[in-house]
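Next come the chains, spelled out residue by residue.
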Amino acid sequence: RISQDCIGGPIVPRVLPIGLEAVRAAHRESAVTRCTTTLTRKRSMMSTRGTYTSTRLWGKLKPAARGLRESGTAAEERLWERLRNRGLNGVKFRRQHPIDRFVVDFCAPALRLVIELDGSAHKGRETEDEERQRVIEQHGFRVIRFTNDTVERDLEGVTSLILEAVTGLRRG
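Small disclaimer: the values here were computed from a predicted structure and weren't measured.

1. Overview of the overall build of the chain
Here is step 1 of the chain: Scanning the chain from N- to C-terminus turns up six helices and four strands.
Here is step 2 of the chain: Starting at the N terminus and walking to the C terminus, you meet the elements of the chain as α-α-α-β-β-β-α-β-α-α.
Here is step 3 of the chain: A total of 172 residues make up the chain; the buried ones form 35% of that total.
Here is step 4 of the chain: For the chain, the share of sequence-separated contacts (at least 6 apart) that also reach a separation of at least 24 residues comes to 56%.
Here is step 5 of the chain: Total accessible area on the chain stands at roughly 10800 Å², and carbon and sulfur atoms take up 54% of it.

2. Brief notes about the sheet that holds strand β1 (residues 94–99)
Here is step 1 of the chain: With mixed pairing, the four strands of this open sheet are ordered in space as β1-β2-β3-β4. Looking at strand neighbours, the two that pair on one side only are β1 and β4 (142–147), the edges of this open sheet. Averaged over all pairs of adjacent strands, the angle between strand axes in this sheet comes to 45 degrees, irrespective of strand direction.

3. Things to note about the pairing of β1
Here is step 1 of the chain: Of all six residues in β1, five are buried; the element is thus mostly enclosed.
Here is step 2 of the chain: Sheet topology places β1 next to strand β2 (residues 102–108); five bridges connect them, and they run antiparallel. In the sheet register, Pro98 faces β2, and the bridge partner there is Val103.

4. Here we look at the environment of Glu152
Here is step 1 of the chain: Secondary-structure assignment places Glu152 in helix α5 (residues 148–153).
Here is step 2 of the chain: Residues Glu152 and Arg78, spaced 74 residues apart in sequence, show a C-alpha to C-alpha distance of 7.8 Å.
Here is step 3 of the chain: Separated by 3.0 Å, the side chain of Glu152 and the backbone nitrogen of Ala75 make a polar contact.

5. A short note on unusual backbone geometry
Here is step 1 of the chain: Unlike most non-glycine residues, Asn85 shows phi in positive territory, near 55 degrees.
Here is step 2 of the chain: Positive phi outside glycine occurs at Asn89, with the angle close to 60 degrees.
Here is step 3 of the chain: Its relative accessible area of 42% is what places Asn89 among the partly exposed residues.

6. Thoughts on the packing of aromatic side chains
Here is step 1 of the chain: The full count for this structure, using the stated rule, is one aromatic pair.
Here is step 2 of the chain: Centroid distance Trp80 to Phe106: 5.9 Å. Interplanar angle 15 degrees. Geometry classified as stacked. Within this pair, whereas Trp80 is found in helix α3 (residues 74–83), its partner Phe106 is found in strand β2, the two being separated by 26 residues in sequence. The burial state of Trp80 is the same as that of Phe106; both residues are buried.

7. Considerations on α3
Here is step 1 of the chain: Every buried residue of α3 is accounted for by Ala75, Glu76, Leu79, Trp80 and Leu83. Along the long axis of α3, the arc covered by the buried residues comes to 130 degrees, so they all point the same way.
Here is step 2 of the chain: The inward-facing, buried residues of α3 abut β1, β2, β3 (113–118), α5 and α6 (155–171).

Reading the values: rules and limits
Residues numbered from 1 in each chain as written. Predicted model: local features only at pLDDT ≥ 70, side-chain atom pairs only at ≥ 80, totals over all residues. Heavy atoms only, no water. Helix = DSSP H or I, 4+ residues; strand = E, 2+ residues; numbered from the N terminus. Buried < 20%, exposed > 50% of the residue type's maximum accessible area, 1.4 Å probe, protein only. Contact = heavy atoms within 4.5 Å. Areas by Shrake-Rupley, 256 points an atom, 1.4 Å probe, with all protein chains shown as cover. Pairing = 2+ DSSP bridges. Axes fitted to C-alpha atoms, helices over the stretch in contact; angles between N-to-C directions. Polar contact = N/O pair within 3.5 Å; in protein donor to acceptor, adjacent residues only side chain to side chain. Phe/Tyr/Trp six-rings, centres within 6.5 Å; stacked < 30°, edge-to-face > 60°. Arc of directions from axis to C-beta.

Structural data, given as structure tokens:
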């Protein structure tokens, strides 16, 4: 007879001896253990990889995030040059990364740090930005905000503040 380890998982053919109830029971028990281990491993991979968006929303947000990467502001481009390729103290940042129903400007998933740049599009939308930040913080992220003007005028100061936050999060 052929059995399946996990429903929805890969089908692993196993030959079971017919008439040996003890062997069948042991096989069922080990299959349940393997299923539980596999599901736990998948959940932990999801949380470390930064999957905080439902599958339904991911299909919509992924193309939107790609479009935002291509049409970034000058301030985003300047800051990204500092953050990309582990340029800031070896921390891996992602650009235009989906979290819940939002796309954040920069995200360091391992440290659960989000950096948001507020440009002219954010003027008059303070309540929406507060709600957005609240939802992101509910996912366990720390959010740091800068204006585009601040990044343009004082990139060194902005990167030093981000570095302070990174250092604090690594310790804590």
